[in-house]
Amino acid sequence: MTKVAGVEELAHAGDKIHRISAEIQDRLAFFPDYSLEKKPEKEGSGSASVSKVGTTIAGIIGAVLVFIVAGILGILLRKKGKTGNADGKPGDKS
């Protein structure tokens, strides 16, 4: 973010919906900023390795969740496709 916008975080919008959404995100985020720790560490004390571990774990969890959702969606679509038509045959209704 800093490389693109030149600032750590963008200015917050004053809308009520933005504040509510930000609050919900802060409460539900498993890995805020892909970090395992909420408190900042001193420079030079291995914060880069902690950041890499947090990013790795967040990526693995994200991939697992995507596979679960895709699997459930696939099962539901397969069941829907097997229900068939009025004549009991799967496929097109025409």
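Residues numbered from 1 in each chain as written. Predicted model: local features only at pLDDT ≥ 70, side-chain atom pairs only at ≥ 80, totals over all residues. Heavy atoms only, no water.

## Side note on a nonpolar patch on the surface
Among the surface-exposed residues, Val53, Ile57, Ile60, Ile61, Val64, Leu65, Ile68, Ile72 and Leu76 lie close enough to one another that they form a single nonpolar patch of about 760 Å² accessible area. Tracing the backbone through its elements, the reader meets Ile61 in helix α3 (residues 47-82). Judged by its relative accessible area of 37%, Ile61 is partly exposed. (Patch = residues over 30% accessible without salt bridge, like charges linked within 9 Å, V, L, I, M, F, W, Y side chains within 5 Å. Areas by Shrake-Rupley, 256 points an atom, 1.4 Å probe, with all protein chains shown as cover. Salt bridge = Lys/Arg side-chain N within 4 Å of Asp/Glu carboxyl O. Helix = DSSP H or I, 4+ residues; strand = E, 2+ residues; numbered from the N terminus. Buried < 20%, exposed > 50% of the residue type's maximum accessible area, 1.4 Å probe, protein only.)

## Some remarks on the pattern of salt bridges
Under the counting rule described, the total for this entry stands at one salt bridge. Put simply, Glu23 and Arg27 hold a salt bridge, and the shortest N to O gap is 3.4 Å. You can see Glu23 and its partner Arg27 sitting in helix α2 (residues 16-28), four residues apart, about one turn around the helix. Classification of Glu23 as partly exposed rests on a relative accessible area of 45%.

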